[in-house]
Amino acid sequence: MVGGMVQSYGYPGATAGSAGTTSQIVSRAVAAAAANNHHSGRKGGRTSKRYSVSAFYSMAAEQDNEVEDELAQAQRRLRDLKSKISAQSKKNFVLERDVRYLDSRIALLIQNRIALSEQNEMVAHFEEHGEGDSDSYPDDRKIQLFGNLFFILQSEPRHIATLCRLVNLAEIDTLLQTVMFTLYGNQYESREEHLLLTMFQNVLAAQFETSTEFGSLLRANTPVSRMMTTYTRRGPGQAYLKSVLSEKINSLVEHKDLNLEINPLKVYEQMVAQVEHDSGHLPPDMPRSVTPEIAASNPNVQAIIQPRLKMLMEIAESFLTTIIASTNAVPYGIRWICKQIRSLTKRKSPNASEFSVCSMIGGFFFLRFINPAIVTPRAYMLMDNVPNKHPRRTLTLIAKMLQNLANRPSYAKESYMLPTNPFVEANKQRINKFLNELCEVSDFYESLEMDQYMALSKKDIVLNITLNEIYNTQSLILQHIDMLAPKEKDHIRVLVNEIGPTVTQVSRKENKTIELPLFSRWEVPIQDLTTALMSENNITQNDILYMETKAIYVQLIRSLPHLAASNVLDLDYIAETAATTKDPQLVRKGIKVKDMLRELEDAGIIDHRDRYKLLVEEITQELTHLGNLKEKVVQELESLESVYKTILDHNTYLRSQLESYKAYLQNVRIQSGGEKATKNSVGIGVEVDGAPKRPKKAPTQGPVKFTHNQLERDGVISESTVPESRRPNIFFSIAAPLPGTFIISMHFKGREKAILEMDLKLDDLLEKQQDNVELLDLEYVRLNVSKILNLLNKTFVTRQNLPRRTLTGTLFSCITN
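A brief look at the structure comes next. Predicted model only: the values in this text are computed from it and were never measured.

Quick look at the overall build of the chain now. If you tally the helices and strands in the chain, you get 31 helices and nine strands. Among the 817 residues that make up the chain, the fraction classed as buried is 52%. A separation of at least 24 residues holds for 75% of the contacts in the chain among residues at least 6 apart in sequence. When the accessible surface of the chain is totalled, it reaches about 38,200 Å², and 50% of it is carbon and sulfur.

The next thing to look at is the nonpolar core. Core analysis: the biggest nonpolar cluster contains 122 residues, and Phe 150, Leu 245, Phe 365, Phe 366 and Ile 370 have the highest contact counts within it. When near neighbours in sequence (up to four residues on either side) are disregarded, Phe 366 contacts Ile 323, Asn 371, Pro 372, Leu 402, Gln 403, Ala 406, Ile 431, Phe 434 and Leu 435. By size, the runner-up hydrophobic cluster in this structure holds 40 residues, among which are Tyr 546, Leu 560, Leu 563 and Tyr 612.

Where helix H9 (residues 190–210) meets helix H15 (residues 332–348), the closest approach of the two axes is 10 Å, and the angle between their N-to-C directions is 25°. Classified by the interaxial angle, the pair formed by H9 and H15 is roughly parallel. Note that H9 runs across H15; the crossing there is right-handed. Contacts between H9 and H15 involve Glu 193, His 194, Leu 197, Phe 200, Gln 201, Leu 204, Ala 205, Phe 208 and Glu 209 on the former and, on the latter, Tyr 332, Gly 333, Trp 336, Ile 337, Gln 340, Ile 341, Leu 344, Thr 345 and Lys 348. Counted by class, the contact of H9 with H15 contains ten nonpolar, five polar and three charged residues.

What follows concerns the side chain of Thr 466. Residue placement: Thr 466 occurs in strand E1 (residues 462–466). Classification of Thr 466 by relative accessible area gives buried; the value is 9%. For Thr 466, the contacting residues outside a window of four places in its chain are Asn 511, Lys 512 and Thr 513.

At a closest axis distance of 10 Å, the pairing of helix H24 (residues 541–559) and helix H26 (residues 584–602) adopts a crossing angle of 145°. Judged by the sense of rotation from one axis to the other, the crossing of H24 with H26 is left-handed. For the pair formed by H24 and H26, the contact residues are Asn 542, Leu 545, Tyr 546, Glu 548, Thr 549, Ile 552, Tyr 553, Gln 555, Leu 556 and Ser 559 on the first element and Leu 586, Lys 589, Lys 592, Val 593, Met 596, Leu 597, Glu 599 and Leu 600 on the second. A breakdown of the residues in the contact of H24 with H26 according to their chemical character gives ten nonpolar, four polar and four charged.

When glycine is set aside, most residues are seen to have a negative phi, and most peptide bonds are trans. Here Arg 611, not a glycine, exhibits a phi torsion of approximately 60°, which is positive. Mapping Arg 611 onto the fold places it in the loop between H26 and helix H27 (613–671). A positive phi angle is found at Tyr 612, which is not glycine, with a value near 55°. When you line up the elements, Tyr 612 lands in the loop between H26 and H27.

About the criteria used
- Residues numbered from 1 in each chain as written.
- Predicted model: local features only at pLDDT ≥ 70, side-chain atom pairs only at ≥ 80, totals over all residues.
- Heavy atoms only, no water.
- Helix = DSSP H or I, 4+ residues; strand = E, 2+ residues; numbered from the N terminus.
- Buried < 20%, exposed > 50% of the residue type's maximum accessible area, 1.4 Å probe, protein only.
- Contact = heavy atoms within 4.5 Å.
- Areas by Shrake-Rupley, 256 points an atom, 1.4 Å probe, with all protein chains shown as cover.
- Core = buried A, V, L, I, M, F, W, Y, C linked by side-chain atoms within 4.5 Å.
- Axes fitted to C-alpha atoms, helices over the stretch in contact; angles between N-to-C directions.
- Parallel < 35°, antiparallel > 145°, perpendicular 65-115°, else oblique.
- Left-handed = near helix turned anticlockwise from the far one by under 90°.
- Nonpolar A, V, L, I, M, F, W, Y, C, P; charged D, E, K, R; others polar.

The analysis is restricted to geometry; functional conclusions fall outside its scope.
Right, here's the structure in full:
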C-alpha cells in the first residue's frame, strides 16, 4: 500500500525500488496515529496499540491512490466533486452578497430615495479601476510572511474566533468569505472542518460568557449569528436541506390556490374583497375595515379558519416528522455545534430546565438553519422559482409553528397563532428528544491532533486566496492587534510588524487569486515521525510489519480481485500470483510480502500451520469494510452531483439577477444625466458603437420575435389561455424604443395588426420582483417575472452586436470575473 496510501496524507511518494523508504514513510504515518493515541491518554497494552495502528491503516486504505478499482475511481470523482462544490459555494457567497447590496439599494431607488451622488457610489462599488498596479502584488518576502501569518490563523482558530467577535456587522461578510470559504474552504476535509468547529467553540464560549440576555443569545442579529448562518449554507448543510426539505416544499407549492391564512384580519379582508368581486357591492352589515378583535369574532371568519387550522397542523406535523427522521443525515458539524450550545447552556445556567436547554439548541437549528430554507426556498436552492402568494404564506406559517415548538412560544405579538398551540403541546417531548439526539455525536479532538501532526509533515499546504482577502484580513488584525496579540513577542504581532502597513483594497480587475504556501516559522517540520514518536509510544517494529503486511495484501486483492474468489484467502498463493504478473509494481509487492510473511512467522506473530488465521480474518474484515464503503461513496456521489447542479443553477440565477440590477442602474444614471462619458456603457435598450458618447436619443432596438411554444418551453410563459390548436400560429415581438422601456406585442400569423400590445418598464418589473410578485398578466398569457427579466437582459444587452471588450469594459462589468 504503501507509498500511494500515504501520499494522500501529504507525504512524498517513494521512488521505484526503494522498499526501505516506502516502509519508513508508512512508519511515519503509523507513528502519527500512535502519537494521537498517546496524547489522548490511551490505556496501555498491546491491544490498544494494535487498535490505534489498525484504525489508521484502515483509514489510509480508504484513500489508496495506487489502486485503480471501482472504489478508487468513485472516490477520485467524489473528491473532485467536493472540491468543485467548495469552490462554487464561495463564488455563490460573493454573488449573494453583491445581489443583497444591490437589492437594498434598488428598493430605495424605486422609492426615489437615492440621490445622484449615491447612485455614483453604487457604481463605484462594482467599478474596475485602471489597468492594474504592480505595487499591489506582494513580493516574495511578503508572500512568505503572509504564508506564515495565515498558517497561524488557520491552525490556531482562537485568533479568528476573537476577530469574529470584535468586527462589526458591516465588516463580517468580508471576513466570513475569507474564513468560511478560503481559510477553511475545503468543506469536506476533516482537518479544516475540525479547525473551523474549534473556532466556533471559542466564539460561542466567549458569547455565552459575556452575554447578559440569556434568552436572545443566539437570536439577535450579530456577527456571531451571521457566522453561524453562513456555516449552515456550506455544501454539507445545503445537501441536507435539499434531501430533507425539497420534496416536501415542492409538493406543497404545487397547490398554488390553497389558501391557509389563519390571521382573522387578513381572512376578513379577503372575504370582503371576494364578496365585493362577486356581487359588485358590500352589504350594509359588512364594513370594509374592522379591528382584529371584531374580525376574530366574526362567525364567517371563524368558519373559514377552522378547517384551515386543521390542515395547517397536519402539514406542519408532516414536516416535523420528516425532519425528526433525518437525525442521522444532519451534517456532523451542525450536530457538533448543537452539542456545544447544550454544554455551554448548562454551564452558564446549571439549574436551567430541559426545555430551556432545548430552546437554546432550537434557536440555532431551527432559527438559523431549517426555517430560513422553509420561508425562502428559492434562495436556498430548493425550488426553481419563488412560490406563489398562498403557498409562500403557508410555508411562513409552518416555520412559525416549528419555531414556536423549538422555543417558549409567546403569542403576544401574533395572537392569531394561539390556536396552533395544540401542535406545540402535542410535540414538546418529541422535539426535545430530537434536539438532544442531535447533540449525541463524538468529539473530533483525537483525529484533529493526528491531522495536525500530518500537516507539520506536509511540504505543500497552499491556500487559494485573493489579494483583497489577504489585505482585508491584515487590516482587521492591525485594527484589533492589542486584543489578538497583546505581547510584543506574540507571533502574530511579530509578523504584522514585519509585513508593514496595510495595502488599500485593489480593484476587482486586480483582485487576483494566488496560491499562498503555508508554513510555520516557529514549528519544527517533522522530518521523521518514527524517530520522534516511536519510542514514547512503545510501538514495535513487529506492530508496524504486521499492519504493512495486511495493507499490501488488501492492495493486491483490490488490484487482482479474482484472488478473493475462494471462501478462505490463500496468502501464499496471492503473493506468488502477484510476484509472477507482468505488472512491475505488483511483482515488487508480491516478492516483498512473501518476505514479510516469513519475518512475521519467525517473530511468532503468525503461523502457516493455521493458514495465518488471524491475518486472514483481519484482511477479510478490511475488504468487507471497503466493499461497504464503495456503496456509500456511490450514494454520496449521486447525492452531491444533484447538489452541485443546484449550486450551478443558483449561480446562473444570481448572475441573471445581478445583470438585471446593473442594467437598471445604468439606465437610471443615463436618464438622470449621471453617466460619465469615460467608458462605453451598456444598459438595457442602450446601444454603444465605439467612441464614448451620451446616448441622448437611443435608436429603437428590435423588434425581436419569439414563438409562443419557444417562450412556453423556456418558462417565460407560465400560464396561457390560448387554445392549444392556435399556439403554433402565435408569436411575440419585443422592441426597446427607449432605455429601460419595452413594447411586447402578441401576433397571429398572417394578421398585420397585433392582438395586444403592452408597454413594460424595467423598474416596474424589478419592483414586482422586489415584492415577490411572480407572474405578470398579459390578458392571454401570464409571464414569469424573473424569466422575462432574464430574457430582456439577454436579448437587449448580451446579444447586442458589440465587441466583447466593449461589454466587459462597461461601467457595470461582470463582477465575478
